[in-house]
Amino acid sequence: MPVVVVESPAKAKTINGYLGSDYTVLASYGHVRDLPSKDGSVDPDHGFAMEWEIGADSKKHVKAIADALKTDPVLILATDPDREGEAISWHLQEALTGRKAIKAGTNVSRVVFNAITKSAVTEAMKNPRQVDMELVEAYLARRALDYLVGFNLSPVLWRKLPGAKSAGRVQSVALRIITDREMEIEAFRAREYWSVRAVLDTPRGQAIELRLTHLRGKKLDRYDLATAAEAGLAVQAVASRALAVTDVEAKPAGRNPAPPFMTSTLQQEASRKFGMGARQTMSAAQRLYEAGHITYMRTDGIDMAPEAVHAARDAIKARYGAEYVPASPRMYKNKAKNAQEAHECIRPTDMGKSPDDIRLSEEDQRKLYDLIWKRTIASQMEAARMERTTVTVASVDAQVELRATGQVVLFDGFLKVYEEGRDDEADEDSRRLPQVARGDRLAPSKEALSGDWAKLAGQGDDVIEPASSGDLQHAQAALLSADGAVLGQQHFTQPPPRYTEATLVKRMEELGIGRPSTYASILDTVQARGYVRKDKNRLIPEDKGRLVTAFLGNYFGKYVEYDFTADLENQLDEVSAGERAYKDVLDAFWRDFSAALSETSELRITDVLEKINEVLAPHLFPPKLDGSDPRGCSVCGAGRLSMRTARSGGAFIGCSNYPECRYTRPFGPPNPDGDDSTAISADGKMLGVDPDTSEPVTLRDGRFGPYVQLGEATAEVPKPKRASLPKGWAVDEVDLEKALQLLNLPRLVGTHPEDGQPVEAGIGRYGSFVLYEAKDTGKKIYANLPEVDEVWTIGMNRAVELLAAKAAGRAGRGAAAAPLKDLGEHPEHGGQIAVMAGRYGPYVKWDKVNATLPKDVEPEALTLDQAVALITEKAAKGGKAKGKAAPKAKAKAPAKAKAAAKPKAPAKPKAAAKPKAAAKKA
């Protein structure tokens, strides 16, 4: 039987069902070979020769394929239809040839299909071809570039920048995008402006809300009303005049549907609508593709096969009626420059199957299929038809003019099925306006349009705080006319928003950085390295990420430039199109990059930090209004401020007069108000006096962080009472009350009901706790508290419960912990898979393999397929897998031989080192 090889067992199972018993379908389990993480895997001195190594976990899969070829020398490589899929097929062919499983008479062919359906697979089998070496060479170029950058640049970071972990050809550019946005936000200075709105009643008694657009006969720009005084005059001008409708304009408008999904837009929409990360989205899409529900999910294309277009139109007519089907099919043109990435759009393989028609047990797959189906169907539906109305109201003397805009949907069209999400806030044009006619006189509204205005009524012309509502959420203060019908609102310009994963992918796509197959891994890498954290779905650069960006921007600036990275991507696309030789690309890159590496070899850490200080000076130390030295220390007056790095890789601003002056502030620009209240001098910051002892209470900064102290050190009391600030407490928020709370710990909660022993609550090295020492055993039992504040609020009932649970846990130590979720047996090797609670977060446990759950995956939502993928990945990195014996320890060498052995010299980080003679070359 011919041997068909695909990447995954799920895909193999689906295809095997289509091909039947005449074929043997096996899985390679992804890439079977990779470059070893050692010096010389890519050798620029020998034509960029590449040394490949079969992964430990891949050897058994390659052997299974080789064994199958012994009975039938026909090999059909059916991996994914993109560059990575082509590379896997090439690697398999090379590895099997190396094992002599492929002989002179072996028939090797390559087939591709964009969807795993019976018709697509059968058709592909009729049209075999050979491995496309142009695509393979594009892969080789990318892999070599990534190795040359990562393997040579990362050691430079380790040596020159404490706390840095790695750099990458594309990940460093993505990090720069995030960091640049953060710099924009920090440099942003809000600008005040005011708006004026009025609520007026029509002759029919309906209220209409309008905004002031013209004052004193002149059109208002955004910042024309810059102060409360100017806004007050505008409010008075509107409130004191009779107003009438001068124009009503209604215009027809249409709205066309968005095109079908490609990889980037699918990731963006899944993030907007479901909060799904790029990796989570692609994982769910992969499983839908392998099950035959959707077409291939890594694509830059938005065109749709003609038969799919007709199927979509038929489904629309059957479900929604002929009026929702446009006269001619909608055609979408690909924008991708690289044809090999521009497969068909991401769409359902069967347009007739709605989300309700296919049973999907996993929530992620169910939500994603629903999104893909609706977007695809909507893309072939009739446009929505609207009527946009603009009402203009003015005074008789033309001194004030107000305007209201609204929109009415006349025919919903594609909106019946789907509406694309937005990254910014919706405008006010979607509201429906009351019926008015030219000449209608409008009067101040007798009843407020919203509850917010009702709360403001009767306040006169005072500047007041706004109500907390969506309508006034961006206003800081408000002015209300005496009749309550005209409102002036204070606003401040907002800084640019931080990137989400969706908006970052969109920005990378705009810049031409990265490709569909790389977006998810780039986002994963910058977060896994600790360079970026995700908070409320927004990407925030950590200190070490900002330092890495500053370092690379100064010493390797060319390689984190957007245009350079995009141009290199274009060159790689030209390689895949056969328009450029891949070794020419590598040679041109390495020539300049190796020179840049050489220039940093003699750099000292102090030189690097001072250079970063210099580069970031406008950001870290902006000019002061009084003209004084922006780097002068405001506490001691003698030292100069500079950036310092911590062992953890973080950064802060400190005084050069340390340890005499212990002034520090967070990394970043100073408080724009010039408030140094967070600074702690060498003598501490005075918080007040303890009323019980009359001793001063100070806030100080020590070797292990900030702490509070009662009194001063004297000969009689060399070590006054101290208490460290708990994790999460901001220095600038600590006052006398909080300091005394800390200094009065531990707190007596009460006496234990069983033996009358005291139960105390306190804060220790590992967090907050309750403590009890049993009278009969003398053993101390500590039970952790989930929140620090509970130290001061916990009562005896809860304390006893926690202590009893801890004591029971001690008694049962050694017994298996209860899983958070049982997932069932491992589908290939057997053995129970479960989600467990761990000290550092939930993890998947199977046999001896423990795999940590990604931060964006909830334990309750984890599926068996996801768990198996995590286990496989963990096992590949060194975790033991069931059925695979651990390697036996080698017998100890005789003492004489051991003594004679020379220690192995550490490898130098030079890519130019020659690989071993026995190494295989690509």
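Report follows, based on the coordinates. (Residues numbered from 1 in each chain as written. Predicted model: local features only at pLDDT ≥ 70, side-chain atom pairs only at ≥ 80, totals over all residues. Heavy atoms only, no water.)

When its secondary structure is counted, the chain shows 22 helices and 35 strands. Across the 922 residues in the chain, those meeting the buried criterion constitute 47%. Within the structure as shown, the chain displays about 46,900 Å² of accessible surface, and the carbon and sulfur contribution to it stands at 50%. (Helix = DSSP H or I, 4+ residues; strand = E, 2+ residues; numbered from the N terminus. Buried < 20%, exposed > 50% of the residue type's maximum accessible area, 1.4 Å probe, protein only. Areas by Shrake-Rupley, 256 points an atom, 1.4 Å probe, with all protein chains shown as cover.)

Bringing the sheet that holds strand β23 (residues 664-666) into the picture now. Either a parallel or an antiparallel arrangement is found when strands of a sheet pair, and the pairing is made through backbone hydrogen bonds. The strand order across the open sheet built from three strands is β21-β22-β23, with neighbouring strands paired in antiparallel fashion. Two strands lie at the open edges of the sheet, namely β21 (641-645) and β23, each paired on one side alone. Within the sheet, the average angular offset between the axes of one strand and its neighbour, ignoring direction, is 35°. Direction of pairing for strand β22 (residues 651-655) relative to β23: antiparallel, over a ladder of three bridges. By the bridge assignment for β23, glycine 654 is matched with threonine 664. Across the sheet, helix α18 (residues 605-620) touches β21, β22 and β23, and the angle it forms with β21 is around 125°. (Pairing = 2+ DSSP bridges. Axes fitted to C-alpha atoms, helices over the stretch in contact; angles between N-to-C directions. Contact = heavy atoms within 4.5 Å.)

So, on to the sheet that holds strand β25 (residues 696-702). Within the open sheet, the four strands sit side by side as β24-β25-β26-β27. Their pairing is antiparallel. Strand pairing shows two members of the sheet lacking a second neighbour, β24 (685-689) and β27 (722-724), which therefore form its edges. On average, adjacent strands in this sheet sit at an angle of 25° to one another, irrespective of strand direction. Inspection of the sheet shows β25 paired to strand β26 (residues 705-710) by six bridges, in the antiparallel sense.

With that settled, the discussion passes to the state of the cysteines. Tallying each qualifying case throughout the model produces zero disulfides. Not engaged in a disulfide, the cysteine cysteine 636 finds its nearest cysteine sulfur in cysteine 655; these two sulfurs lie 3.7 Å apart. (Disulfide = S-S within 2.5 Å.)

The subject of this paragraph is unusual backbone geometry. Residues leucine 745 and proline 746 are joined by a peptide bond in cis, for which omega reads 0°. Phi is positive for lysine 100, which is not a glycine, with a value near 65°. Within the secondary structure, lysine 100 is located in the loop between α3 (83-98) and β8 (107-110). For serine 694, which is not glycine, the phi torsion reads 60° and is therefore positive. Within the fold, serine 694 resides in the loop between β24 and β25. Among the residues examined, serine 694 registers a relative accessible area of 58% and is labelled exposed.

Let us look at the packing of aromatic side chains. Scanning the model with the defined rule gives 18 aromatic pairs in all. Between phenylalanine 551 and phenylalanine 556, the aromatic rings sit 6.3 Å apart at their centres with planes inclined by 45°, giving tilted as the arrangement. A relative accessible area of 0% means that phenylalanine 551 is categorised as buried. With a relative accessible area of 2%, phenylalanine 556 lands in the buried category. Connected via pairs of aromatic rings, a cluster forms that spans Phe551, Tyr555, Phe556, Tyr559, Phe564, Phe589, Trp590 and Phe593. The ring of tyrosine 562 is capped by arginine 176, whose NZ or CZ atom sits 4.1 Å from the centre of that ring. (Phe/Tyr/Trp six-rings, centres within 6.5 Å; stacked < 30°, edge-to-face > 60°. Lys NZ or Arg CZ within 6 Å of the ring centre and 35° of its normal.)

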